[in-house]
Amino acid sequence: MHNCFHAADILIPQGISMKKWACVACDQFSSQPEYWDRVSDFVGDAPSTLHMIIPEAYLRRDGAAERLPKIHGAMEQYLAQGLFKVCRRSFVYLERTMQSGAVRRGLVGQVDLEDYDFTPGCGARIRATEGTVLERIPPRQRLLEGAKLECPHVLLLCDDRKDAILTAAKEARSEKLYDFDLMEDGGHITGWAVSGLGVGLVNGAVSDYIQAVTAEQGAANAMAFAVGDGNHSLAAAKACWEDLKKSLSGDDLLHHPARYALVELENIHDPAIAFEPIHRVLSGVDPGDFLSALDGISVRDGYPIAAVTSEGEKTVYLSREESPLAIAILQPFLDRYTAEQGGAMDYIHGEDVVRDLARKPDAVGLILPGMEKSSLFPGVLQGGVLPRKTFSMGEAREKRYYLEGKRRQ
């Protein structure tokens with residue numbers, strides 16, 4: 001299996017306020033436009049990735065569609081101004097200090113979109129972890145078409161038990177590129193270039209990792225990387241590339257910048273990465289009937305699921321032999337039950353919130369166990385993709401901030 005994560009010509013802004021430049025991924029705080037209003041007031045007219053995105057919280061506002069020419073214009077302006085330092089054929093090793101004090105490590109590079117596929121059950125080297133909603137791709141595709149720049153919020157995950165890739169990147173880091181506090185309590189971020197001989201060290205670690213994954217999973221089905229966040233953005237880049245490559249040939253087909261997408265690679269075994277379970281609450285159901293149906297799939301021992309109603313709480317168990325993930329057993333059952341018996345399903349963070357909502361007489365709360373990080377790759381390999389809302393990688397402020405860039409044209 002060849003390498004599918006590479007060094008890139010990475011753009012880093014110079015001589016500006018980096019705190020104003022970097023903003024959180026556009027799909028965060030989608031129900032809190034006031035967050036983005038504060039960001040807009042803080043940034044003003046200063047150079048910022050805010051001027052190159054459409055926050056999802058604004059999609060329902062009048063004028064959202066008119067932002068597209070302004071976005072492309074801002075990109076052209078920044079390039080014309082010579083705003084960026086170019087780190088040629090480099091990676092960026094970064095350390096993100098969250099509000100908790102935990103330090104999460106990452107490595108910015110590019111992936112070959114020929115090695116990525118979001119189709120469930122595909123054999124691609126890079127795969128989606130959750131189902132892709134096709135209707136969400138065209139709006140993102142329209143933004144990319146005609147865009148001269150891209151800034152990533154895609155988090156790519158590896159199952160690197162030896163932690164060899166990020167260890168090699170940290171050892172190979174050289175020039176410090178940025179070091180600042182992120183806006184809106186996003187924590188602190190520091191990044192270093194990995195260039196020259198350091199690129200070779202990282203490439204070697206990536207090659208060794210891919211060989212180990214291939215040997216373990218089998219060459220016919222080996223998956224090296226999984227998309228943890230930003231799958232729809234990566235899917236849009238893939239769609240753009242599939243359209244564009246029809247008109248290309250030769251070197252243009254091999255080396256066109258739109259064939260590659262910038263991402264941040266993280267290791268699921270990093271202690272600073274937490275997979276938080278996303279619980280379920282059913283409303284508009286008969287709790288007694290639901291619990292009787294749930295008993296029908298329970299076993300004597302296995303994954304513990306706390307079922308909470310206004311009458312109390314009980315624990316049922318789901319078979320570990322059936323799937324490496326509890327939710328892969330529970331979710332199909334919930335889908336069948338609500339389809340047949342009616343009711344609505346909500347996805348909830350936090351056990352206290354579940355218990356509070358389950359006090360209603362027509363509600364049932366289901367508290368799931370924490371997901372073992374080592375179950376992520378086996379879960380995708382077995383099921384094609386994970387059930388929707390399987391886990392969350394940290395809170396909204398801990399998500400990827402747009403920062404580094406790459407040319408698309």
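Note: the structure precedes this text.
Quick summary incoming for the structure in this document. (Residues numbered from 1 in each chain as written. Predicted model: local features only at pLDDT ≥ 70, side-chain atom pairs only at ≥ 80, totals over all residues. Heavy atoms only, no water.)

## Quick look at the overall build of the protein chain
Okay, so step 1: Looking only at helices and strands, one finds 12 helices and 22 strands in the protein chain.
Okay, so step 2: Over its C-alpha atoms, taken along the principal directions, the protein chain stretches across nearly 65 × 50 × 45 Å.
Okay, so step 3: Classification of the 409 residues of the protein chain by burial places 53% in the buried group.
Okay, so step 4: Long-range pairs, those at least 24 residues apart, make up 77% of the contacts in the protein chain between residues at least 6 apart in sequence.
Okay, so step 5: When the accessible surface of the protein chain is summed, it comes to about 17,900 Å², and 48% of that surface belongs to carbon and sulfur atoms.
Okay, so step 6: In the protein chain, 45 side chains carry a positive charge and 58 a negative one; their mean positions are 4 Å apart. (Helix = DSSP H or I, 4+ residues; strand = E, 2+ residues; numbered from the N terminus. Buried < 20%, exposed > 50% of the residue type's maximum accessible area, 1.4 Å probe, protein only. Contact = heavy atoms within 4.5 Å. Areas by Shrake-Rupley, 256 points an atom, 1.4 Å probe, with all protein chains shown as cover. Lys, Arg positive; Asp, Glu negative; His and termini not counted. Charge placed at Lys NZ, Arg CZ, Asp CG, Glu CD.)

## Some details on empty space enclosed by the protein
Okay, so step 1: Summed over all chains, the structure comprises 1 cavity of 30 Å³ or more.
Okay, so step 2: Its residues assigned to classes, the lining of the largest cavity comprises 5 nonpolar, 3 polar and 2 charged. (1 Å grid on protein atoms, 1.4 Å probe; cavity = no way out; pocket = protein on both sides within 12 Å on 5 of 7 lines; lining within 4 Å. Points joined across faces, edges and corners; volume = space filled by probe spheres on them. Nonpolar A, V, L, I, M, F, W, Y, C, P; charged D, E, K, R; others polar.)

## Concerning the nonpolar core
Okay, so step 1: Formed by 81 residues in total, the largest nonpolar core has its most connected members in Phe5, Leu107, Phe225, Phe290 and Leu330.
Okay, so step 2: Apart from residues no more than four positions distant in its own chain, Phe290 is found in contact with Leu282, Phe333, Leu334, Tyr337, Val364 and Leu366. (Core = buried A, V, L, I, M, F, W, Y, C linked by side-chain atoms within 4.5 Å.)

## A look at the sheet that holds strand β19 (residues 363–367)
Okay, so step 1: An order of β17-β16-β19-β15-β18 is seen for the 5 strands of this open sheet, with the pairing classed as antiparallel. A strand with exactly one partner marks an edge of an open sheet, and here the two such strands are β17 (312–318) and β18 (344–348). Looking at each pair of strands side by side, their axes are set apart by 25° on average, direction ignored.
Okay, so step 2: As defined by bridge partners, strand β15 (residues 279–283) adjoins β18 across 5 bridges and the pair is classed as antiparallel. Each residue of the ladder has a partner; that of Ser283, found in β18, is Ala344.
Okay, so step 3: On top of the sheet, helix α9 (residues 287–295) reaches β15, β16 (303–309), β17 and β19; it is set at about 35° to β19, its chief contact.
Okay, so step 4: Across the sheet, helix α10 (residues 326–341) lies against β15, β16, β17, β18 and β19, angled at about 15° from β15, the strand it touches most. (Pairing = 2+ DSSP bridges. Axes fitted to C-alpha atoms, helices over the stretch in contact; angles between N-to-C directions.)

## Considerations on the layout of surface pockets
Okay, so step 1: If you add up the space inside the largest pocket, you get close to 1,400 Å³.
Okay, so step 2: Taken together, 45 residues form the lining of the largest pocket, with Gln28, Asp229, Lys389, Ser392 and Lys399 sitting closest to its centre.
Okay, so step 3: Counting only elements with at least two residues in the lining of the largest pocket, the list comes to β12 (225–229), α7 (231–244) and β20 (391–393).
Okay, so step 4: Taken together, the residues of the lining of the largest pocket sort by class into 15 nonpolar, 16 polar and 14 charged.
Okay, so step 5: Its volume calculated, the second largest pocket comes out at about 790 Å³.
Okay, so step 6: In terms of lining, the second largest pocket is formed by 31 residues, of which the most central are Cys26, Pro139, Arg140, Leu143 and Ser233.
Okay, so step 7: Looking at the lining of the second largest pocket element by element, the count peaks at 5 residues for helix α4 (residues 137–144).
Okay, so step 8: Its residues assigned to classes, the lining of the second largest pocket shows 22 nonpolar, 4 polar and 5 charged.

## Here's the deal with the pairing of β16
Okay, so step 1: Burial analysis of β16 places 6 of its 7 residues in the buried class, which makes it a mostly covered element.
Okay, so step 2: Of the pairings in the sheet, the one linking β16 to β17 comprises 7 bridges and is antiparallel in character. Within β17, the position partnered with Ala307 by the bridge is Lys314.
Okay, so step 3: Linking two consecutive strands that pair antiparallel, namely β16 and β17, is a turn of 2 residues.
Okay, so step 4: The pairing of β16 with β19 spans 3 bridges and is classified as antiparallel. What sits directly across from Ala307, in β19, is Leu366.

## Focus: the environment of Tyr401
Okay, so step 1: Tracing the chain through its elements places Tyr401 in strand β21 (residues 401–402).
Okay, so step 2: The exposure class assigned to Tyr401 is buried, which follows from its relative accessible area of 3%.
Okay, so step 3: Linking Tyr401 and Ile327, residues 74 residues apart in sequence, is a C-alpha distance of 29 Å.
Okay, so step 4: When near neighbours in sequence (up to four residues on either side) are disregarded, Tyr401 contacts Ala22, Cys23, Val24, Tyr35, Arg96, Pro152, Leu182, Met183, Glu184 and Gly186.
Okay, so step 5: Within the local environment of Tyr401, its side chain forms a polar contact with the backbone oxygen of Met183, the two atoms lying 2.9 Å apart. (Polar contact = N/O pair within 3.5 Å; in protein donor to acceptor, adjacent residues only side chain to side chain.)

## Considerations on the packing of aromatic side chains
The description of two aromatic rings rests on the distance between their centres and on the angle between their planes.
Okay, so step 1: What the rule picks out here adds up to 14 aromatic pairs.
Okay, so step 2: Ring centres 6.0 Å apart and planes at 70° place the aromatic pair Tyr178 and Phe180 in the edge-to-face group. In this pair, the class of Tyr178 matches that of Phe180, namely buried.
Okay, so step 3: Aromatic pair Phe333 and Tyr337: ring centres 6.3 Å apart, planes at 35°, arrangement tilted. One end of the pair is Phe333 and the other is Tyr337, both in helix α10 and 4 residues apart, which spans about a single turn. Residue Phe333 shares its accessibility class with Tyr337, and that shared class is buried.
Okay, so step 4: Over the ring of Phe42 we find Lys20, and its NZ or CZ is 5.6 Å from the ring centre.
Okay, so step 5: Across from the ring centre of Trp192, 4.3 Å away, lies the NZ or CZ of Arg173, which sits over that ring. (Phe/Tyr/Trp six-rings, centres within 6.5 Å; stacked < 30°, edge-to-face > 60°. Lys NZ or Arg CZ within 6 Å of the ring centre and 35° of its normal.)

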